[in-house]
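Spelled out from the first residue to the last, the chains are:
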Amino acid sequence: MRTIPIIVGILLILAATFAAEQSSAGTSPELAAMLDAKDKDGKPIITQEQRTYFNGLNDNLKELLNQVVQKKVVTRPEHLGLLLALQLRPQKMELVLQNNCILCHSDSETQSSEDLFTLGSDSHHSPPSHMNLKEIVEDTHFRRGLSCAGCHGGDPTAAFGHAFVKEWPESGRQANREWIVQFCARCHSDPTFMHQFNPALPTDQLAKFKSSPHGLTLLEKHDSRAPQCISCHGVHGIRPAKDPQSKVYAQRVPETCGACHANATTMAGFTRADGSPLPTTQLAEYRTSVHGRALLERGDLGAPACNTCHGNHAASPPGVAGVSRSCSLCHSANASLFDGSKHKQAFDSHNWPECGKCHGDHAIAKTHDSMLSSAPGALCGDCHRQYAKDDPKCIPTADYFHQTITRMDEAQTRFGAISEKLAAKGLDVEPINNQLTDLTDNLKKSRTYVHSFSRDTFQQVALPGEEAIQRTDTLVDKAHEEYKYRQVGLAASIALIGFLILAIYLKLRQLEK
Amino acid sequence: MGWYYLGGITMFFFIVQVVTGVLLLMYFQPGEATAYESIRFLTTKVPFGWLIRSVHSWSAHLMIISLVLHMFSTMMLKAYRPPRELTWVSGYILFLLTLGFGFSGYLLPWNKLAFFATTVGTNIVRSVPLIGDWLLQVLRGGQDVTINTLYRFFAAHVVILPLAFVGVISLHLLFIQRQGMALPISAKVAPRGMKFFPSFALRDVLLWLACLMLLVTLAVFLPYGPGIPGMDWELGSKADAMAPAYAGIKPEWYFLWEYQLLKEFPPHFFGLEGPQVCLLLITVLLAIWAIIPWLDQRARRDKPSPAFSDFGWAAILFLTYLTLMGWDIGASGPGNDLALVHRSARVCASWTLVAGAVVIAIRYWRFEHRWFVLTGAALLQMALHGFVGVSYLLAGVISVVIAAIAITASYFMRSRADEKGGI
């Protein structure tokens, strides 16, 4: 009889041991105490979310946490909570837990507010962007193992190691920013070094920068208002250009450039080549332009941002000749037609920026067929009356372009509506729609071929468009005839049936009299 | 007397279906790459092909309308009284076969709308207990709606259903021929009968010609239907199993009440699946409809049976309310989905209550009916659902309970009155 209590006792002891093993697996008593710590109100310091994240960590990371606690690098549950709140992926967490720089500089008890990394989740005490811990761990350099010591020097595994690298200016680095480009270039201009990390990344940024107005202003005129690497890329939170949160992501480029170029105070004193002051309206104009709306409102990443036309590290005004080359990167058909046209020579002789003369630069608006008109106020007419009075062919040609394109556009709208109506009546509109596709195609081409400014070249695409109009007209007439035929047929059938009904009715009356 | 011609009109539309169906069959090629294309070719290139398809579609809908009217008129006139029970049952089978024609023919053009509507429609049989999955496979010829489904729907539409229909309609006509037309209960003495030939037959022909006139006019002016959801046969684009099903897909108008009733059931209902319970309810309702000649004991004794007349009207209002809601009548304007559903229920309830009030008034004054318990219950359910906001099922239960109490009370009151009269 005694054996039963003994067996039950052994089982209870085993169960308790097993339970204890389960609760403390991979967690030292110090760490466990920190995880369970409560504040003076009795509330747990480590939140449920942080606890869940901790429970999901692998054994290696739990061991690393044990070590930083045992080595007294992390001594307070609040500090531990901050690290867990980052919710990092295992690879990044491992980097953080092996980096004494971050571990020390994230402890609010030992660091002054100037040297403290915080999460910045509290809107009242948000840190300067370069001291935001979330930004630091997201930095593309950090992800690849290049952390604080890579730029600042020292040994991240040592308890204390504040030996700055020799290129790091001890003083005056805020006033004179020239050192920054050289500092970044230590790695970014070294193809062998960069190949280890990203073989596709160019290493000519410094050379390009030096040749740019930005570089010349900074390095030759020693004017630190000019931007350098961190002005556009940021400091601790540098991300690849393809990352939507990067300051140089296509949709953020206008805002990044505009930070200086739309600021009249910053731009005060800067001039163009002709000596006129540099305007600060570009960003506002760009936002209203067809390109700005495509990129910023529709999210079309194929639309150009500032750097598409001006360049990145070698950013500069495109110049008169460069305008058409920039535009032709996308609008190649228009550009090649223009290059073969009479306008090319005329524009060159006036030293006009080719595309920009008619379409503008930052505020490029959606084109309209009325631009081709010879009427007063229209682009073609006004310009030709002023600059090409002697050529009697110009105005009629512009009128021909305008009339032909307007006719095709009007026909496209009209036939589209007719096709819908005919389809609702049950008629076969497929042939009409096929012709409409041809017409639409030729209309688009005609609008492009206007840039040849030649009647003959324009007619190569306009004439097939006009033929499509004629064919559609014939098909629409046929469809209307078919519908009429149906109605006549129906009327005849109804008359016949009506006659039969009448005859039967009369017969019935006669029978039942 | 006009009600007596509805059966003939239904048969006329059936004949039109056979004739136009045979003409369509000359061009239709069932198959993945040919079904849609052959119908497209027929309607765009073949002379009068559009007309044949349009007449076939219009005639199908008009046949169902006249068939439903025929059934309700038979029910209201109690023409199912002995010895005509089997005429009613054979007519009932013809009604089911006609719905089968509608459902199977709908898929044949193999267009997107038909494909998804058939997917949703066939899915309902999954709720049949025990054999649901097997039945679904039999119906679809596989797990999903594929070209195999079209093959079997085609076989059903042009061979199985027509053979069955011709067989049953022959019986139906034979019964009518042997037993003659039924007289209303109110006609105490049989009026001098009209000779079937030539008087009745010529009148039939006259009406058939009028129907033909209506049919061709509709077919020419509205070749794709009146544009009402569930009554629209524009070919559209070809069926594509990979394309996303579009939202708000609805069945044909005559299946709309079932669709709406299914929507009113919760996913789970007293341990059973909601659709299963709904299907059971529909089966019970249809079964009651089938055996009405035996249920209506007073009519069997040639006595007026106001409860069954009232049952017919209540059924009409019940179906009308569900169909209107299925059409989303009144579900427009601002607001979220739930607000629109409530608004639709309110608008549909308003319309149906007005119709119900008119029906009751006409029955009261014109036909001197005095029994409105079931119609009242149907209207009460709509009012509770549409205006008070009670769920459709709860409103139904409340109405049925009140109707049951009213019927029981009236039964006891009548029994007591009979006893007093006896003393």
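Fair warning: this is a prediction, and the values are worked out from it, not measured in the lab.

### So, the overall build of chain B
For chain B, the helix and strand inventory stands at 16 helices and two strands. On the principal axes, the C-alpha backbone points of chain B span a range of 80 × 60 × 45 Å. Across the 423 residues of chain B, 43% fall into the buried class. Taking the contacts inside chain B whose residues are at least 6 apart along the sequence as the reference set, 70% of them involve residues at least 24 apart.

### Re a nonpolar patch on the surface
Residues and elements named next belong to chain B. Taken together, the side chains of Ile 15, Val 18, Val 19, Val 22, Leu 23, Met 26, Tyr 27 and Phe 41 present a nonpolar region at the surface, about 690 Å² in accessible area. The leading source of residues in the nonpolar patch is helix α1 (residues 6-25), at five residues. The residue Met 26 is located in the loop between α1 and α2 (35-44) in this model.

### Some points on the domain arrangement of chain B
All names here are of chain B. If you check the domain split of chain B, you get domain 1 (2-255) and domain 2 (305-423). The distance between the C-alpha centroids of domain 1 and domain 2 comes to 30 Å. Of the residues lining the interface, nine residues belong to domain 1; the matching set on domain 2 comes to 13 residues. For the pair domain 1 and domain 2, the two sides together bury roughly 870 Å², of which 66% comes from carbon and sulfur.

### Re the interface of chain A and chain B
If you look at the interface, chain A gives 23 residues, while chain B gives 21 residues. For the pair chain A and chain B, the summed buried surface comes to about 2,000 Å²; carbon and sulfur atoms form 72% of the total. The tally of links from chain A across to chain B stands at three salt bridges. Residue Lys 45 of chain B pairs with Asp 428 of chain A through a salt bridge whose shortest N-O separation is 3.1 Å. Put simply, the parts of the chain that give the side of chain A that touches chain B at least two residues each are α26 (394-424) and α28 (455-512) of chain A. When its residues are assigned to classes, the side of chain A that touches chain B shows 13 nonpolar, three polar and seven charged.

### Overview of the nonpolar core
Residue and element names in this part refer to chain B. One finds Phe 13, Trp 58, Tyr 80, Phe 165, Leu 215 and Trp 289 to be the most contacted residues of the largest nonpolar core, which totals 48 residues. Mapped by element, the contributors of at least two residues to this core are α1, α3 (49-76), α4 (85-107), α7 (147-179), α8 (196-221), α10 (274-290) and α13 (306-326). Aside from chain neighbours lying at most four places away, what touches Trp 58 is Leu 215, Leu 218, Ala 219, Leu 222, Gly 225, Pro 226, Met 231 and Trp 233.

### Describing the packing of helix α2 (residues 29-36) of chain A against helix α5 (residues 77-85) of chain A
For any two helices packed against each other, one specifies the crossing angle of their axes together with the interaxial distance. Residue and element names in this part refer to chain A. Taken N-terminus to C-terminus, the directions of α2 and α5 make an angle of 85 degrees; their axes are 9 Å apart at the nearest point. The angle between α2 and α5 places the two elements in the roughly perpendicular class. Where α2 abuts α5, its residues Leu 31, Met 34 and Leu 35 lie against Pro 77, Leu 80 and Leu 84. Looking at side-chain class alone, the contact of α2 with α5 contains six nonpolar, no polar and no charged residues.

### Quick notes on the confidence of the model for chain A
Per-residue pLDDT for chain A has a mean of 88; in total, 93% of the residues score no lower than 70. Below pLDDT 50 for its whole length, residues 18-25 of chain A participates in zero contacts with residues either more than four positions away or in separate chains.

### As for the packing of aromatic side chains
Within this structure, the stated rule accounts for 36 aromatic pairs over all chains. A ring pair is formed by Trp 168 of chain A and Trp 179 of chain A, whose centres lie 5.3 Å apart and whose planes are at 65 degrees; its orientation type is edge-to-face. Note that Trp 168 of chain A is positioned in the loop between α10 (148-152) and α11 (178-188) and Trp 179 of chain A in helix α11, a separation of 11 residues in sequence. On the basis of relative accessible area, Trp 168 of chain A is assigned to the buried category, the value being 13%. When the centroid spacing of 5.8 Å and the interplanar angle of 50 degrees are considered together, the rings of Phe 103 of chain B and Phe 153 of chain B count as tilted. Taken together, the residues span a long stretch of sequence, with Phe 103 of chain B in helix α4 and Phe 153 of chain B in helix α7 at a distance of 50 residues. The exposure class assigned to Phe 103 of chain B is partly exposed, which follows from its relative accessible area of 23%. Here a set of aromatic residues connected by ring pairs shows up, and it is made of Phe 338, Phe 347, Trp 352, Tyr 387 and Phe 453 of chain A. The lysine or arginine in question, Arg 455 of chain A, covers the ring of Tyr 400 of chain A, its NZ or CZ lying 4.4 Å from the ring centre. Between Arg 370 of chain B and the ring centre of Tyr 364 of chain B, over which it is positioned, the NZ or CZ distance is 3.9 Å.

### Some words on the state of the cysteines
Covalent bonding between the sulfur atoms of two cysteines defines a disulfide. Residue and element names in this part refer to chain A. Inspection of the entire model under this criterion finds zero disulfides over all chains. The thiol sulfur of Cys 104 is not disulfide-bonded, and the nearest other cysteine sulfur, from Cys 101, lies at 7.9 Å. For Cys 104, a relative accessible area of 24% puts it in the partly exposed group. As a non-bridged cysteine, Cys 380 has Cys 358 as the owner of its nearest cysteine sulfur, 7.0 Å distant.

### A closer look at unusual backbone geometry
Residue and element names in this part refer to chain B. Omega for the peptide link from Pro 82 to Pro 83 comes to 10 degrees, which places this bond in the cis form. Tracing the sequence through the fold places Pro 83 in the loop between α3 and α4. With a phi close to 55 degrees, Lys 78 is a non-glycine residue in the positive phi region. As for its placement among the helices and strands, Lys 78 is situated in the loop between α3 and α4. Using a relative accessible area of 4% as the deciding quantity, one classes Lys 78 as buried. Even without a glycine there, the phi angle at Phe 270 is positive, about 50 degrees.

### Looking at the environment of Ile 405 of chain A
Residue and element names in this part refer to chain A. Checked against the element boundaries, Ile 405 lands in helix α26. Separated by 36 residues in sequence, Ile 405 and Asp 369 have C-alpha atoms that sit 7.2 Å apart. When neighbours within four sequence positions are excluded, Ile 405 is seen to be in contact with Asp 369, Leu 372, Leu 443, Ser 446, Arg 447, Val 450 and Phe 458.

Rules of the game
- Residues numbered from 1 in each chain as written.
- Chains lettered and ligands numbered in written order.
- Predicted model: local features only at pLDDT ≥ 70, side-chain atom pairs only at ≥ 80, totals over all residues.
- Heavy atoms only, no water.
- Helix = DSSP H or I, 4+ residues; strand = E, 2+ residues; numbered from the N terminus.
- Buried < 20%, exposed > 50% of the residue type's maximum accessible area, 1.4 Å probe, protein only.
- Contact = heavy atoms within 4.5 Å.
- Patch = residues over 30% accessible without salt bridge, like charges linked within 9 Å, V, L, I, M, F, W, Y side chains within 5 Å.
- Areas by Shrake-Rupley, 256 points an atom, 1.4 Å probe, with all protein chains shown as cover.
- Salt bridge = Lys/Arg side-chain N within 4 Å of Asp/Glu carboxyl O.
- Domains from an automatic or database assignment.
- Buried area = accessible area lost by both parts, 1.4 Å probe.
- Nonpolar A, V, L, I, M, F, W, Y, C, P; charged D, E, K, R; others polar.
- Core = buried A, V, L, I, M, F, W, Y, C linked by side-chain atoms within 4.5 Å.
- Axes fitted to C-alpha atoms, helices over the stretch in contact; angles between N-to-C directions.
- Parallel < 35°, antiparallel > 145°, perpendicular 65-115°, else oblique.
- pLDDT = per-residue confidence, 0-100.
- Phe/Tyr/Trp six-rings, centres within 6.5 Å; stacked < 30°, edge-to-face > 60°.
- Lys NZ or Arg CZ within 6 Å of the ring centre and 35° of its normal.
- Disulfide = S-S within 2.5 Å.

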